[in-house]
Amino acid sequence: MNRRRRIYEGKGKILYEGPEPGTLVQHFKDDATAFNNKKHEIIDGKGVLNNRISEYIFEHLNTIGIPTHFIRRLNMREQLIREVEIIPLEVVVRNVAAGSLSKRLGIDEGTALPRSIIEFYYKADELDDPMVSEEHVTAFGWATPQEIDDIMSLAIRVNDFLTGLFLGVGIRLVDFKIECGRHWENEMMRIVVADEISPDSCRLWDIETNDKMDKDRFRRDLGGMLEAYQEVARRLGIMNENETVTHSGPRLVQ
Ligand code: UDP
């Protein structure tokens, strides 16, 4: 059997060689991980939901002129993307205090921030992704000052779009993480939004009840993670009311 060439395998996704040069296939796994892989579980159907939710968001970002790596969804678990050179930073945008910011600065979770805040974390599992400043980013050559400007402007535009999108379906966008990459076209390079945007990488709270509809359900052992992701998809109009993503029948051995 002709097997696709695997380029990279991360905690939640696999990248395969794409059908044409300059493309890759991004495959969403069902693995849920937290605390740098110390907590790990298989959540049947999570990959399908994240593929669909991320597709929906990236499609809209492309439509409104925010460049991304996304080309099109291929099937339940996979999407075709442009090959980019990933910048080794997790770019976090926060609107409301939560998670590590609350812990670090002693600000109660749920406190609205005076303005949106952008933070950079250096992507290095062995170091637990330490927070870094723009000084570190430029001094160590992870990105140039111009690239940092581009990344921050993308992050703000994504935040504006996502805040409105989720507010429209009764969800508060507390914070989220994006990754950016350099996309080369002929001699031209531009920074694009890469990776995924899904309830795995956002904090999403129900406007009315403050119920968590994101990966904190898993991190904090609250249960009901798949149901919460399904509800996000349902509110965005992605999944049909009766559509289910869990497999009750036989499963392909991989
Ligand atoms: N985040 C992520 N991947 C990471 C770390 C954080 O997607 O490796 C997201 C996380 O889901 C949240 C935001 O970035 O929406 C801010 O996370 P925080 O710094 O509060 O970290 P945590 O509390 O998850 O350790």
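Notes on the structure in this doc start here. In this text the structure is predicted, and so the values were computed from the model without any measurement.

Notes on the site of the ligand
Near the ligand there are 16 residues, and of these R94, S100, D175, R203 and R219 occur at the shortest range. Contacts to the ligand include S100, whose side-chain N or O atom sits 2.6 Å from an oxygen atom. D175 places a polar side-chain atom, nitrogen or oxygen, 2.6 Å from an oxygen atom of the ligand. In isolation the ligand exposes 500 Å². Once the protein is present, 76% of that is buried.

Let's talk about the packing of aromatic side chains
Taken as a whole and judged by the stated rule, the model has 3 aromatic pairs. Ring geometry for Y122 against W142: centres 3.9 Å apart, planes inclined by 10°, an arrangement best described as stacked. You can see Y122 sitting in strand 10 (residues 112–122) and its partner W142 sitting in the loop between helix 3 (134–139) and helix 4 (145–167), a full 20 residues away along the chain. Centroid distance F140 to W142: 5.3 Å. Interplanar angle 35°. Geometry classified as tilted. Judged by relative accessible area, F140 falls into the exposed class, the value being 55%. Positioned above the aromatic ring of Y16, the side-chain terminus of R4 is 4.0 Å from the ring centre. If you follow K39 out to its NZ or CZ, it ends over the ring of F218, 4.7 Å from the centre.

Overview of helix 6 (residues 225–235)
Turning to helix 6, its buried residues are M225, L226, A228, Y229, V232 and A233. The arc that holds every buried residue of helix 6, seen down its axis, measures 165°, which confines them to one face. Packed against the buried residues of helix 6 are strand 4 (31–34), helix 1 (46–63), helix 4, strand 12 (171–185), strand 14 (202–206) and helix 5 (216–219). Two residues or fewer past helix 6, G237 is found with a positive phi of approximately 80°.

Criteria and thresholds
- Per chain, the residues get numbers from 1 upward, laid out in the order the sequence is written.
- Local features in this predicted model are restricted to residues whose pLDDT is 70 or higher, and side-chain atom pairs enter the listing and the counts only when it is 80 or higher, whereas totals over whole chains, interfaces and linings include all residues.
- Hydrogens are left out, water is left out, and the side-chain values use all remaining heavy atoms of the structure.
- Whether a residue is near a molecule or strand depends on its heavy atoms: if one lies within 4 Å, it is near.
- Whenever two N or O atoms come within 3.5 Å, that pair is a polar contact, provided that in protein one can donate a hydrogen and the other can accept it, and provided that, for residues adjacent in sequence, both atoms are side-chain atoms.
- Surface exposure here means Shrake-Rupley accessible area, sampled with a 1.4 Å probe, where a residue is shielded only by the protein chains that are shown.
- Paired rings are identified among Phe, Tyr and Trp, the last through its six-membered ring, by centres lying within 6.5 Å, and are further divided according to the angle between planes into stacked (under 30 degrees), edge-to-face (over 60) and tilted (the rest).
- Put simply, DSSP H or I for four residues or longer makes a helix, DSSP E for two residues or longer makes a strand, and each gets a number counted from the N terminus.
- Burial classes: relative accessible area under 20% of the type maximum marks a residue as buried, over 50% as exposed, and values in between as partly exposed (1.4 Å probe, protein chains only).
- A positively charged side chain is recorded as over a ring if its NZ (Lys) or CZ (Arg) lies within 6 Å of the ring centre. The angle to the ring normal must also be within 35 degrees.
- Along the arc lie the directions from the helix axis toward the C-beta atoms.
- In what follows, residue pairs with any heavy atoms lying within 4.5 Å of each other are defined as contacts.

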